[in-house]
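Observations on the three-dimensional arrangement
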Amino acid sequence: MAAVSDHTQTLLSAVHTHPGLTRAEAGRRLRISSGRVAEVVAGLVDARLLTEGPPLATGGRGRPTRRLSAHPEGPIVLAAVLSHEEWRVDAVELGGVTVAHLAGRHPTGPAQAVLGTVADAVAQLRARLPGRVRALGISAPGLVTDERFVDAPALGWEGVDLWALWPDGDLVVADNDATLSALAEAWRGAATGARLALHLRIDAGLGGALVEGGRLIGGARGVGGEFGHMPLGDPAVRCPCGAHGCWGTAVDGSALARALGDPSPHDPVTFAHRVTARAQAGEADARAAVGAASQALGKGIAGLVNALDPDVVTVGGLGTDLLAIAGEDVDATYRDGLMRVRRETPTPVVPAALGEEGPVVGAAERAWQRLLARLP
Ligand SMILES: [Zn+2]
């Protein structure tokens, strides 16, 4: 028989994944008796990790069951998201609910100024939730190594230490925004239950990740998933990463600007939103630019599906807008690029369910997964 501590871990994880789970369902999941569940739950309530709802009628002759959820004074993780133009910090309890939130815009500038602002927000939320904040997950718009250092060419950041957001925190973990969105889709979004899920996210450039059974396939150094830097774009275009012809430069806001004959935008995400709004309003040149980016998107997805054989492809960020406005353009090049054997039942390409929430949900999940391993 497993030790009680194993059951407490499994039960906490189950409530985190399925908040509102009843005590009876938890017992079935853990394959333990109702008496044992009651014992484990009592321990977790005492430890201020879980709370039980009022009794629910079961309809049967058994004892009424109760719903399990986060304790109102229980542990919290912070999820900080740095994007090219904005930042936010969410305080997230067991089960994934945000209980407090701070956000703002930052001018593109020295990393220290942006990190200072976000570090203040982290400190404010810790003060607002005294003694409860146990971990910090950070989403950053660039290549993150050692779960700590980010290179974000579009912001001019190199080797920036993200742990500066909470210098004396003992559980701080950072990762790339597209990678975290991929995990979020696999855990709580459109790829839940997939054996192999491919997530692509267009922001400034294109990133993504491959998630197998809920676990990230991160590469030998944890910096895999840079699908946007496959040379599927125009070889005459140099990418901020230093290479030529990157796929990301054919699908993001910079691609829309080139197609429209505009200068390279300082804020490619805002620029892209403006162009997609114009395309939706029926402006022909904006629609043509969106169509060309969508065709480039479909072509690359076909290559990745041929190579990787995922169950589902989720597309987030600007990619969601491309699917909504020019889904037929994405689909045409996608199907055209698929191997014949894959065409009869092509892998579905679907919008990410979490939308703009992907990075924050992923950052919170990453922090919670680490914290759960340390609780109670
Ligand atoms: Zn590149």
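How each quantity is defined
- Residues numbered from 1 in each chain as written.
- Predicted model: local features only at pLDDT ≥ 70, side-chain atom pairs only at ≥ 80, totals over all residues.
- Heavy atoms only, no water.
- UniProt positions renumbered as here; feature names shortened; annotations may be inferred.
- Helix = DSSP H or I, 4+ residues; strand = E, 2+ residues; numbered from the N terminus.
- Rg over C-alpha atoms; globule rule 2.2 N^0.38 Å.
- Buried < 20%, exposed > 50% of the residue type's maximum accessible area, 1.4 Å probe, protein only.
- Areas by Shrake-Rupley, 256 points an atom, 1.4 Å probe, with all protein chains shown as cover.
- Lys, Arg positive; Asp, Glu negative; His and termini not counted.
- Charge placed at Lys NZ, Arg CZ, Asp CG, Glu CD.
- Pairing = 2+ DSSP bridges.
- Expected span 1.5 Å × (residues − 1).
- Arc of directions from axis to C-beta.
- Contact = heavy atoms within 4.5 Å.
- 1 Å grid on protein atoms, 1.4 Å probe; cavity = no way out; pocket = protein on both sides within 12 Å on 5 of 7 lines; lining within 4 Å.
- Points joined across faces, edges and corners; volume = space filled by probe spheres on them.
- Nonpolar A, V, L, I, M, F, W, Y, C, P; charged D, E, K, R; others polar.
- Core = buried A, V, L, I, M, F, W, Y, C linked by side-chain atoms within 4.5 Å.
- Domains from an automatic or database assignment.
- Donors = N, O, S within 2.8 Å, 3.2 Å for Na, K, Ca; no water.

The name recorded for the protein in an unreviewed UniProt entry is Putative NBD/HSP70 family sugar kinase, from Solirubrobacter pauli. Quoted verbatim from the Sequence similarities (unreviewed entry) field of UniProt, the annotation for the protein is "Belongs to the ROK (NagC/XylR) family."

As a further point, take the overall build of the protein. Tallying secondary structure elements over the protein gives 11 helices and 15 strands in all. Compactness check: the protein gives a C-alpha radius of gyration of 22 Å against a globular reference of 21 Å for 376 residues, within 12% of the reference. Residues counted as buried form 51% of the 376 residues belonging to the protein. Of the accessible surface of the protein, which amounts to about 17000 Å², a share of 52% is contributed by carbon and sulfur atoms. Of the side chains in the protein, 35 bear a positive and 41 a negative charge, and the two mean positions are spaced by 8 Å.

Our focus in this paragraph is the pairing of strand β3 (residues 76–82). Of all seven residues in β3, seven are buried; the element is thus mostly enclosed. Both faces of β3 are covered, namely the face carrying I76, L78, A80 and L82 and the face carrying V77, A79 and V81. Across seven bridges, the pairing between β3 and strand β4 (residues 86–93) is antiparallel. Pairing of I76 across the sheet is with E93, part of β4. The turn joining β3 and β4, which pair antiparallel and follow one another in sequence, is formed by three residues. Where β3 meets strand β6 (residues 133–140), six bridges bridge the pair, whose relative direction is parallel. In the sheet register, L78 faces β6, and the bridge partner there is L136.

Along its 18 residues, helix α4 (residues 111–128) runs 26 Å from first to last C-alpha, staying within 8% of the 26 Å computed at 1.5 Å per residue. Every buried residue belonging to α4 is among A111, V114, L115, V118, A119, A121, V122 and L125, and all of these are buried. All buried residues of α4 fall inside an arc of 155° around its axis, so they share one side. Turned more than 90 degrees away from the buried face of α4, the exposed residues are Q112, D120 and A127. Packed against the buried residues of α4 are β3, β4, β5 (98–105), β6 and β9 (157–161).

So, about the layout of surface pockets. In this structure, the largest pocket encloses a volume near 890 Å³. Along the wall of the largest pocket there are 43 residues; nearest its centre are H84, A154, A204, G205 and P240. Looking at the lining of the largest pocket, the elements that each hand over two or more residues are β8 (149–152), α5 (177–188), β11 (196–203), β12 (205–212) and α6 (253–260). Across the lining of the largest pocket, the residue classes tally to 17 nonpolar, 14 polar and 12 charged. Computed from the structure, the second largest pocket encloses a volume of approximately 430 Å³. S83, E86, R201, V269 and E356 are, among the 23 residues lining the second largest pocket, the residues nearest its centre. Of all the secondary-structure elements, those providing two or more residues to the lining of the second largest pocket are β3, β4, β5, β11, α7 (268–280) and α11 (358–372). Of the residues that constitute the lining of the second largest pocket, the class distribution is nine nonpolar, six polar and eight charged.

This part covers the nonpolar core. Of all hydrophobic cores here, the largest spans 40 residues; its most connected members are L11, L12, V77, L94 and W368. For this core, the secondary-structure elements that each account for two or more residues are α1 (4–17), α2 (23–30), α3 (34–46), β2 (65–70), β3, α5, β12 and α11. Top element by residues in this core is α11. It accounts for eight residues. The residues that make up this core include at least three from each of domain 1 (4–70) and domain 2 (76–180 + 358–372). Discounting chain neighbours no more than four positions away, the residues touching W368 are H16, P75, I76, V77, V92, E93, L94 and L375.

The coordination sphere of the zinc ion contains the protein donors H229 (ND1), C239 (SG), C241 (SG) and C246 (SG), at a distance range of 1.9 to 2.4 Å. Read from N- to C-terminus, the donor residues coordinating the zinc ion fall into the pattern H-x9-C-x1-C-x4-C. Placement of H229 in the loop between β13 (215–217) and α6 and of C246 in the loop between β13 and α6 is noted, with a sequence separation of 17 residues between them. Looking at H229, the relative accessible area reads 33%, which means it is partly exposed.

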